[in-house]
Amino acid sequence: MTVQELPGAAAAYRPTPPPAWKPRTDPAPLLPDPEPYRVLGTDAAAGVDPELLLRLYAELVRGRRYNAQATALTKQGRLAVYPSSTGQEACEVAAALAIEERDWLFPSYRDTLAAVARGLDPVQALTLLRGDWHTGYDPHEHRIAPLCTPLATQLPHAVGLAHAARLKGDDVVALAMVGDGGTSEGDFHEALNFAAVWQAPVVFLVQNNGFAISVPLAKQTAAPSLAHKAVGYGMPGRLVDGNDAAAVHEVLADAVARARRGGGPTLIEAVTYRMDAHTNADDATRYRVESEVEAWRAHDPIRLLERELTERGLLDEDGKRAAADAAETMAASLREGMNADPVLDPMDLFAHVYAEQTSQLREQAAQLRAELDAEGEAR
């Protein structure tokens, strides 16, 4: 970094900056590896706890069935919209399992599976997407922030919660999930900048699934990778194979532990692929070819983990059948819950917006109540 001496400048003009310009941190340790980190199919897999691998597998199978059932519900008119995470289940499940009960998860609209894997009732996770009551669940009870439909607005919220927890001395970490499209939003910049300056205990997981609806990553950024953006904020960047459940869990768990002990935030890019369309309202054939999708099917997260478990003698046909049966039981329960028509109270529109209603809300609530009463009398 050098300031050019301007023509005609006074002799006292300093041609180079004072020492204050020097880097606050050494950038080299913050840079991600040149290739996505992998565990499955490498020597590192032998060191992974078998119980963790089996739990990851069971959750992946359940997650795949959950995505299929939720997609079917849109076709039956039970869901207004569903953004499937098929193909991305390793990221979703690893995110849920890498944090402790006391930690907070900040999901995007595509991360319903992460919320379910964390323990949220599958029906409650879909309540918002069928236009029902508010978020569908109590965020404080589950430590899961509301599913966020606007792109990246959950990221500053995660930083704020993590910073507040640090100031209070609470042993809490926030894990914020976002897609590659969200990294093009201003909220992404603001969140990472404040997180690094404050050294907030927050982990950012970017699921790079190749497209922001129809816009490929190459048309969003010219950076070597999204993980490289971390160095510009002064935090470590990690690049991981997003279809390798063991690798994603390890990288996330390391970042969470680092944040908990006061090491500050981490930006993690998980390279994965969205197998289904953006939502049930999208036609993905207009912007990608089937051969590309098929190439990613060979790198399916369930197939990768299943191969590892089978080769190590940890999974047999009975084990596969048990996982599939458990997933089918969940799907049946989800169907039953979503097929029940909810009992809606229009006055709930005004509940849980403010702790104390504003004068405008009170006025609007009174107007609606009067209209409902008049409608009831007319019947």
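Residues numbered from 1 in each chain as written. Predicted model: local features only at pLDDT ≥ 70, side-chain atom pairs only at ≥ 80, totals over all residues. Heavy atoms only, no water.

Engineer: Outline helix 8 (residues 245-260), supporting the account with residue identities and numerical values.
Structural biologist: With 16 residues, helix 8 should reach 22 Å at 1.5 Å per residue; the first-to-last C-alpha distance of 22 Å fits that figure. Listed in full, the buried residues belonging to helix 8 are Ala 245, Ala 246, Ala 247, Val 248, His 249, Val 251, Leu 252, Ala 255, Val 256 and Ala 259. At the C-terminal side of helix 8, Gly 262 shows a positive phi close to 95 degrees. (Helix = DSSP H or I, 4+ residues; strand = E, 2+ residues; numbered from the N terminus. Expected span 1.5 Å × (residues − 1). Buried < 20%, exposed > 50% of the residue type's maximum accessible area, 1.4 Å probe, protein only.)

Engineer: Quick one: what's the story with a nonpolar patch on the surface, residue by residue and with numbers?
Structural biologist: There is a patch of nonpolar side chains on the surface, built from Phe 194, Val 197 and Trp 198 and spanning about 300 Å² of accessible area. Mapped onto the elements, Phe 194 comes out in helix 7 (residues 186-198). Take Phe 194: its relative accessible area is 41%, and that puts it in the partly exposed class. (Patch = residues over 30% accessible without salt bridge, like charges linked within 9 Å, V, L, I, M, F, W, Y side chains within 5 Å. Areas by Shrake-Rupley, 256 points an atom, 1.4 Å probe, with all protein chains shown as cover. Salt bridge = Lys/Arg side-chain N within 4 Å of Asp/Glu carboxyl O.)

Engineer: So, the sheet that holds strand 7 (residues 266-271): which residues are in play, and what are the values?
Structural biologist: Here 5 strands make up an open sheet; going across it, the order is 1-2-3-7-6 and the pairing parallel. The open sheet has two edge strands with one neighbour each: strand 1 (104-106) and strand 6 (237-241). Averaged over all adjacent pairs, the angle separating strand axes in this sheet is 20 degrees, with direction ignored. Looking at chain direction, strand 6 and strand 7 are connected through 5 bridges and run parallel. Paired with Arg 238 across the two strands is Ile 268, which belongs to strand 7. (Pairing = 2+ DSSP bridges. Axes fitted to C-alpha atoms, helices over the stretch in contact; angles between N-to-C directions.)

Engineer: Residue-level account of the environment of Asp 276, with values.
Structural biologist: Topologically, Asp 276 is positioned in the loop between strand 7 and helix 9 (290-297). The class of Asp 276 is partly exposed, set by a relative accessible area of 29%. The sequence separation of Asp 276 and Val 293 amounts to 17 residues, and the corresponding C-alpha distance is 8.9 Å. Setting aside its immediate chain neighbours within four residues, Asp 276 contacts Ser 84, Thr 86 and Arg 288. Of note is the side chain of Asp 276, whose polar atom sits 2.9 Å from the side chain of Ser 84. A polar side-chain atom of Asp 276 sits 3.3 Å from a polar atom in the side chain of Thr 86. (Contact = heavy atoms within 4.5 Å. Polar contact = N/O pair within 3.5 Å; in protein donor to acceptor, adjacent residues only side chain to side chain.)

Engineer: Tell me about the environment of Asp 325, and name the residues and values.
Structural biologist: Locating Asp 325 in the fold gives a position in helix 11 (residues 317-339). Measuring from C-alpha to C-alpha, the distance between Asp 325 and Gln 69 comes to 14 Å, with 256 residues separating the pair along the chain.

Engineer: Run through the packing of aromatic side chains, naming residues and quoting values.
Structural biologist: Applying the stated criterion across every chain, the model contains 6 aromatic pairs. With centroids separated by 6.1 Å and ring planes inclined at 35 degrees, the aromatic side chains of Trp 104 and Phe 106 adopt a geometry described as tilted. We note that Trp 104, like Phe 106, is buried. Ring plane angle 75 degrees and centroid distance 6.4 Å describe the contact between Phe 211 and Tyr 273, whose orientation is recorded as edge-to-face. With Phe 211 in strand 4 (residues 211-212) and Tyr 273 in the loop between strand 7 and helix 9, this residue pair connects regions lying 62 residues apart in the sequence. Members of the aromatic cluster, joined through ring pairs, are Phe 211, Tyr 273, Tyr 287 and Trp 296. (Phe/Tyr/Trp six-rings, centres within 6.5 Å; stacked < 30°, edge-to-face > 60°.)

Engineer: Which residues make up unusual backbone geometry, and what values do they have?
Structural biologist: The phi torsion at Gln 199 lies on the positive side, around 55 degrees, for a residue other than glycine. Looking at the secondary structure, you find Gln 199 in the loop between helix 7 and strand 3 (202-208). At Ile 213, a position not held by glycine, the phi torsion is positive, near 60 degrees. With respect to the element layout, Ile 213 can be found in the loop between strand 4 and strand 5 (215-216). In this structure Ile 213 comes out as partly exposed when scored by relative accessible area, which is 41%.

Engineer: Any details on the pattern of salt bridges? Residues and values, ideally.
Structural biologist: Following the criterion strictly, the structure yields 19 salt bridges and no others. For Arg 38, the salt bridge identified is with Asp 241, shortest N-O distance 3.6 Å. On the criterion of sequence distance, the pair formed by Arg 38 in the segment before helix 1 (50-75) and Asp 241 in strand 6 is long-range, its members being 203 residues apart. Relative accessible area serves as the criterion here: at 39%, Arg 38 is assigned to the partly exposed category. Relative accessible area serves as the criterion here: at 6%, Asp 241 is assigned to the buried category.

Engineer: I'd like a description of the pairing of strand 7, backed by residues and values.
Structural biologist: Burial of strand 7 is extensive: 5 of the 6 residues sit out of reach of the surface. Considered for its hand, the β-α-β crossover made up of strand 6, helix 8 and strand 7 is right-handed. (Right-handed = clockwise from strand over helix to strand, strands pointing away.)

Engineer: Explain the confidence of the model for the protein to me, using residue names and the numbers behind them.
Structural biologist: Averaged over every residue, the pLDDT of the protein is 93; the share at 70 or more is 94%. Counting interchain partners and residues more than four positions distant, the pLDDT-below-50 stretch residues 1-5 has 11 contacts. (pLDDT = per-residue confidence, 0-100.)

Engineer: Describe the state of the cysteines, with residues and values.
Structural biologist: Here the structure, examined in full by the defined rule, presents 0 disulfides. The thiol of Cys 148 is not disulfide-bonded; the next cysteine sulfur, from Cys 91, is found 18 Å away. Assessed through its relative accessible area of 8%, Cys 148 is described here as buried. (Disulfide = S-S within 2.5 Å.)

Engineer: Can you tell me about the side chain of Glu 59, naming the residues and giving the values?
Structural biologist: Along the chain, the position of Glu 59 falls in helix 1. Classification of Glu 59 by relative accessible area gives buried; the value is 13%. A polar side-chain atom of Glu 59 sits 3.3 Å from a polar atom in the side chain of Arg 62. Those residues in contact with Glu 59, other than ones at most four positions away along the chain, are Val 93 and Ala 117.

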